[in-house]
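Secondary and tertiary structure notes
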Amino acid sequence: KLATMRTIVGTEILRQQASLSTPSTLKEGDFRVVSQIRINPGMGSEYFDTARTMTQPLMQARAAAGELKTWSVWSRVFPAGAATSYDALSVMYFKDQASAIRGLDATKGLETFMKVHPGKNYATYINNLRDYSELQRRFIMQIIAMAERPR
């Protein structure tokens, strides 16, 4: 029935670059916050390497603390290039609308970073992300139905 209710207006192919391993934690009623990101020219490798080596452990700690349910970063494979509106997606899932709107607690950013990455510089991490990319658009969605394939 769903196919008859939709009109396809475009197709995109995304490749997962980093994520938390949290199977079966999502449910109907959860909220997803999607950030569309433009990666600065020549900075794709740096951006995704930082996502895997620095951001992923931070998000794992924040998920363990109950701030979010799960997180992932995706590269846009098709279509791609300068004419597109974004190059990467960052996706976070939260248990309710208030948590999704509030987002991660900014006051815990430095503390979490120092626990996860002792001896590393938080300001350098933040500045690198700003050098590598620019947020284009952020939006929020509620999960209204789950469809999973058996593995």
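The preceding data block contains the structure.
Summarised in this report is the structure supplied together with it. (Residues numbered from 1 in each chain as written. Predicted model: local features only at pLDDT ≥ 70, side-chain atom pairs only at ≥ 80, totals over all residues. Heavy atoms only, no water.)

**A look at the overall build of the protein**
When you go through the protein residue by residue, the secondary structure sums to 4 helices and 5 strands. A globule of 151 residues ought to have a C-alpha radius of gyration of about 15 Å, and the protein, at 16 Å, matches this closely. Across its three principal directions, the C-alpha atoms of the protein cover 55 × 35 × 30 Å. Counting only residues that meet the buried cut, the protein has 34% of its 151 residues in that class. When contacts within the protein are restricted to residue pairs at least 6 apart in sequence, those whose partners lie at least 24 apart make up 81%. Accessible surface for the protein amounts to roughly 9,900 Å². Of this, 54% is attributable to carbon and sulfur atoms. (Helix = DSSP H or I, 4+ residues; strand = E, 2+ residues; numbered from the N terminus. Rg over C-alpha atoms; globule rule 2.2 N^0.38 Å. Buried < 20%, exposed > 50% of the residue type's maximum accessible area, 1.4 Å probe, protein only. Contact = heavy atoms within 4.5 Å. Areas by Shrake-Rupley, 256 points an atom, 1.4 Å probe, with all protein chains shown as cover.)

**Observations concerning the packing of aromatic side chains**
Taken as a whole and judged by the stated rule, the model has 4 aromatic pairs. Between Y47 and F48, the aromatic rings sit 5.2 Å apart at their centres with planes inclined by 85°, giving edge-to-face as the arrangement. Taken as a pair, Y47 and F48 share a single burial class, namely buried. Here the aromatic residues F113, Y122 and Y125 are joined through ring pairs into a cluster of three or more. (Phe/Tyr/Trp six-rings, centres within 6.5 Å; stacked < 30°, edge-to-face > 60°.)

**Overview of the environment of N40**
For N40, the location among the structural elements is in the loop between β2 (31-39) and α1 (44-64). In the structure, N40 is positioned 93 residues away from S133 in sequence and 5.2 Å away in space, judged by C-alpha atoms.

**Topic: the environment of L58**
On the secondary structure map, L58 appears in helix α1. Since its relative accessible area comes to 8%, L58 is described here as buried. Each C-alpha atom, one on L58 and one on T112, is 6.8 Å from the other, the two residues being 54 residues apart in sequence. Among all residues touching L58, those that are not within four sequence positions of it are T112, F113, V116, H117 and Y125.

**Comments concerning helix α3 (residues 109-116)**
All of the buried residues in α3 are G109, T112 and F113. End-on, the buried residues of α3 take up no more than an arc of 100°, which puts them together on one face. For α3, the elements touching its buried residues are α1 and α4 (122-132). (Arc of directions from axis to C-beta.)

**Topic: a nonpolar patch on the surface**
On the surface, I13, V77 and F78 cluster together into a nonpolar patch covering about 260 Å² of accessible area. By the element assignment, F78 lies in strand β3 (residues 70-78). (Patch = residues over 30% accessible without salt bridge, like charges linked within 9 Å, V, L, I, M, F, W, Y side chains within 5 Å. Salt bridge = Lys/Arg side-chain N within 4 Å of Asp/Glu carboxyl O.)

**Topic: the pattern of salt bridges**
Throughout the structure, instances matching the rule amount to 6 salt bridges. For D30, the salt bridge goes to K69, with nearest N and O atoms at 2.8 Å. Linking D30 in the loop between β1 (13-19) and β2 with K69 in the loop between α1 and β3, this pair joins segments that are 39 residues apart in sequence. For the residue pair D30 and K69, the accessibility class agrees, reading buried in each case. The salt bridge partner of E111 is K115, with a shortest N-O separation of 3.2 Å. With E111 and K115 both in helix α3 and 4 residues apart, the pair spans about one turn of that helix.

**Description of the pairing of strand β4 (residues 88-94)**
In terms of residue burial, β4 counts as a mostly covered element, since 7 of its 7 residues are buried. Burial along β4 is two-sided: A88, S90, M92 and F94 and L89, V91 and Y93, pointing in opposite directions, are all buried. As paired elements, β2 and β4 share 7 bridges and run antiparallel to each other. Paired with V33 across the two strands is M92, which belongs to β4. Direction of pairing for β3 relative to β4: antiparallel, over a ladder of 6 bridges. By the bridge assignment, W71 is partnered in β4 with M92. (Pairing = 2+ DSSP bridges.)

That's the geometry; what it means functionally is another story.
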